[in-house]
Amino acid sequence: PFRFVVHNPKLRVFAGEDYELKAGLEGQALPEELFLLLDGREVKLLREDDGLYHYRFASLNQTLEFNLSAAGYTSDPYRLEVLRRAEVSGVTAALEYPAYTGRKNESLNDAASLSVPEGTWINWTIQTRHASALQVDGGKSAGEKDAAGRFKYRQRYLRNGQLRLLPQNEIPGSGDTQVFDIRVIPDAFPAISVERQRDSSDDARYWFSGSASDDYG
């Protein structure tokens with residue numbers, strides 16, 4: 001006498017997000033009530049001003065199946081697929097300082113911004129979840145990930161810049177770009193100061209004293 005209709009274009013949602021189901025009935029003699037059957041429970045759907053029946057699934061984390069029911073009839077199962085976003089879950093920056101600084105190399109974890117001397121090499125290790133590829137700096141590939149889901153990328157910094165990371169998987173638009181700021185500290189020229197003093201015992205003789213300094217000693 002009637003048929004069940006789901007009006008959502010796609011039964012897909014990203015993990016952790018809500019999903020609003022929109023359903024209805026079509027036919028000659030339509031029941032007034034429509035129910036959702038889920039995990040052995042029967043939930044009455046609310047009819048909204050658009051004439052459709054609505055139900056909100058909250059914070060979904062796994063794919064599920066449900067049926068619609070009305071006037072003793074039950075629909076075939078519907079499958080609501082929960083998708084996984086490609087994510088960056090951690091970033092380690094291993095800093096290789098130039099020899100002129102005299103500084104020991106070090107590693108920093110999850111620093112949103114870095115200040116490094118001019119010429120520093122940064123070896124980035126990017127931990128991901130649900131990612132099959134990683135784009136860096138707007139399009140370059142970080143290569144293949146290892147068995148632990150990590151990508152590696154190496155870059156020398158001579159001027160201020162950014163590292164932009166876009167994790168990807170088979171689902172278009174599943175990843176969000178993360179941006180890390182890198183501030184480069186220029187290597188300043190050495191400073192030299194000279195002072196001239198007249199010899200008190202001989203007006204034709206002068207003494208010179210001076211000092212030299214560098215921003216790294």
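Note that the structure is predicted; figures quoted are calculated from it, not measured. (Residues numbered from 1 in each chain as written. Predicted model: local features only at pLDDT ≥ 70, side-chain atom pairs only at ≥ 80, totals over all residues. Heavy atoms only, no water.)

(A) Here's a closer look at the nonpolar core. L34, L36, F57, F66, L68 and L80 are the most contacted members of the largest nonpolar core, which has 24 residues in total. Among the elements of the structure, strand 1 (2–6), strand 3 (19–27), strand 4 (35–38), strand 7 (53–57), strand 8 (64–70) and strand 10 (78–83) are those that each provide at least two residues to this core. Ignoring any residue separated from it by four or fewer positions in sequence, one finds L34 in contact with F4, A23, G24, L25, V43, K44, L45, Y53, L68, S69 and A70. (Core = buried A, V, L, I, M, F, W, Y, C linked by side-chain atoms within 4.5 Å. Buried < 20%, exposed > 50% of the residue type's maximum accessible area, 1.4 Å probe, protein only. Helix = DSSP H or I, 4+ residues; strand = E, 2+ residues; numbered from the N terminus. Contact = heavy atoms within 4.5 Å.)

(B) Up close: the side chain of T120. By secondary structure assignment, the location of T120 is in strand 14 (residues 120–129). The exposure class of T120 is buried, given its relative accessible area of 0%. Separated by 2.7 Å, the side chain of T120 and the backbone oxygen of P117 make a polar contact. Look past the residues within four positions of T120 in its chain and what remains in contact with it is L95, E96, Y97, P98, Q155, R156 and Y157. (Polar contact = N/O pair within 3.5 Å; in protein donor to acceptor, adjacent residues only side chain to side chain.)

(C) Seen up close, the sheet that holds strand 18 (residues 161–168). Reading across from one edge, 13-19-18-15-16 is the order of the five strands in this open sheet, with mixed pairing throughout. With one partner strand each, in any of the chains shown, strand 13 (113–117) and strand 16 (140–141) form the two edges of the open sheet. Direction of pairing for strand 15 (residues 133–136) relative to strand 18: antiparallel, over a ladder of four bridges. The residue of strand 18 that forms the bridge with L134 is P167. (Pairing = 2+ DSSP bridges.)

(D) Quick peek at the pattern of salt bridges. Going through the model one piece at a time under the given rule, you end up with ten salt bridges. With a closest N to O distance of 3.7 Å, E106 and R103 form a salt bridge. (Salt bridge = Lys/Arg side-chain N within 4 Å of Asp/Glu carboxyl O.)

(E) How the structure looks around the packing of aromatic side chains. Evaluation of the coordinates by the stated rule reveals six aromatic pairs. Arranged with centres 5.4 Å apart and planes meeting at 20°, the rings of F66 and Y78 form a pair that is stacked. Here F66 is found in strand 8, whereas its partner Y78 is found in strand 10, with twelve residues between them in sequence. For the residue pair F66 and Y78, the accessibility class agrees, reading buried in each case. Taken together, the aromatic side chains of Y55, F57, F66 and Y78 make up a single cluster linked through ring pairs. Over the aromatic face of F14 sits the side chain of R85, whose NZ or CZ is 3.9 Å from the ring centroid. In this structure, R154 packs its charged tip against the face of W121, placed 4.1 Å from the ring centre. (Phe/Tyr/Trp six-rings, centres within 6.5 Å; stacked < 30°, edge-to-face > 60°. Lys NZ or Arg CZ within 6 Å of the ring centre and 35° of its normal.)

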